[in-house]
Amino acid sequence: AFKNIGDATYSVAPGAIFYLPLKQGEGIENAFYCQANFGYMGSFGDAADVSDFYYSLQAGKRFELVSNISYSPSIGLLHVPDLADPTYTFNFLQFSALF
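Just so you know, these numbers come straight off a predicted model, no measurement behind them.

### Concerning the overall build of the chain
The helix and strand tally for the chain stands at zero helices and nine strands. Mapped from its N terminus to its C terminus, the chain presents α and β elements in the order β-β-β-β-β-β-β-β-β. Within the chain, buried positions represent 24% of all 99 residues. Across the chain, every contact between residues at least 6 apart in sequence was considered, and the portion connecting residues at least 24 apart equals 47%. Carbon and sulfur atoms form 63% of the exposed surface of the chain, whose accessible area is close to 7,100 Å².

Spelled out as structure tokens, the structure:
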């Protein structure tokens, strides 16, 4: 027998990131960026199975800390059209490993 451990959530959201370097020839480690993801999120468990389309938009700036590691704070918008109003996100403790 399986023990019920409660609800769980999942999401699948492929997307694209567009980089906007400040100077010609600069890499992405210090660039502004915009990111868009589209996908499905859902939950299952004690509650009824739910799966809904959502999208996420983010904009931020990378600041190189050391080689291949950047601090990358961003602001964004997450929206599940059938469930709720848009949610605004602020990612102040976000880092990127670039290889």
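Once you've had a look at it, read on.
### As for a nonpolar patch on the surface
There is a patch of nonpolar side chains on the surface, built from Leu-65, Val-66, Ile-69, Ile-75, Tyr-88, Phe-90, Phe-92, Leu-93 and Phe-95 and spanning about 1,000 Å² of accessible area. Put simply, the parts of the chain that give the nonpolar patch at least two residues each are β5 (63-66) and β8 (87-91).

### Section: the environment of Gln-58
Summarising the element assignment, Gln-58 is placed in strand β4 (residues 50-61). The spacing of Gln-58 and Tyr-33 is 25 residues in sequence and 8.1 Å in space, taken between C-alpha atoms. Not counting residues up to four positions away in its chain, the partners in contact with Gln-58 are Tyr-33, Cys-34, Gln-35, Ser-74, Ile-75, Gly-76, Asn-91 and Gln-94. A polar contact is formed between the side chain of Gln-58 and the side chain of Ser-74, at a distance of 2.9 Å.

### Here we look at the packing of aromatic side chains
Working definition: an aromatic ring pair is given by the centre-to-centre distance plus the angle between the planes. Within the structure shown, the criterion is met by five aromatic pairs. Aromatic pair Phe-38 and Tyr-55: ring centres 6.5 Å apart, planes at 35°, arrangement tilted. In this pair, Phe-38 sits in strand β3 (residues 32-44) while Tyr-55 sits in strand β4, placing the two residues 17 residues apart along the sequence. We classify Tyr-55 as partly exposed; its relative accessible area is 21%. Seen in terms of ring centroids, Phe-90 and Phe-92 are 6.2 Å apart; in terms of plane orientation they differ by 10°. Their pairing is stacked. Neither Phe-90 nor Phe-92 differs from the other in exposure class; each is exposed. Ring-pair connections join several aromatic residues into one group, and the members of that group are Phe-63, Tyr-71 and Phe-95. Over the face of the ring belonging to Phe-32 we find Lys-61, whose NZ or CZ atom lies 5.5 Å from the ring centre. Across the ring face of Tyr-33, the terminal group of Arg-62 is positioned such that the distance to the ring centre comes to 4.8 Å.

Cut-offs used in this document
- Residues numbered from 1 in each chain as written.
- Predicted model: local features only at pLDDT ≥ 70, side-chain atom pairs only at ≥ 80, totals over all residues.
- Heavy atoms only, no water.
- Helix = DSSP H or I, 4+ residues; strand = E, 2+ residues; numbered from the N terminus.
- Buried < 20%, exposed > 50% of the residue type's maximum accessible area, 1.4 Å probe, protein only.
- Contact = heavy atoms within 4.5 Å.
- Areas by Shrake-Rupley, 256 points an atom, 1.4 Å probe, with all protein chains shown as cover.
- Patch = residues over 30% accessible without salt bridge, like charges linked within 9 Å, V, L, I, M, F, W, Y side chains within 5 Å.
- Salt bridge = Lys/Arg side-chain N within 4 Å of Asp/Glu carboxyl O.
- Polar contact = N/O pair within 3.5 Å; in protein donor to acceptor, adjacent residues only side chain to side chain.
- Phe/Tyr/Trp six-rings, centres within 6.5 Å; stacked < 30°, edge-to-face > 60°.
- Lys NZ or Arg CZ within 6 Å of the ring centre and 35° of its normal.

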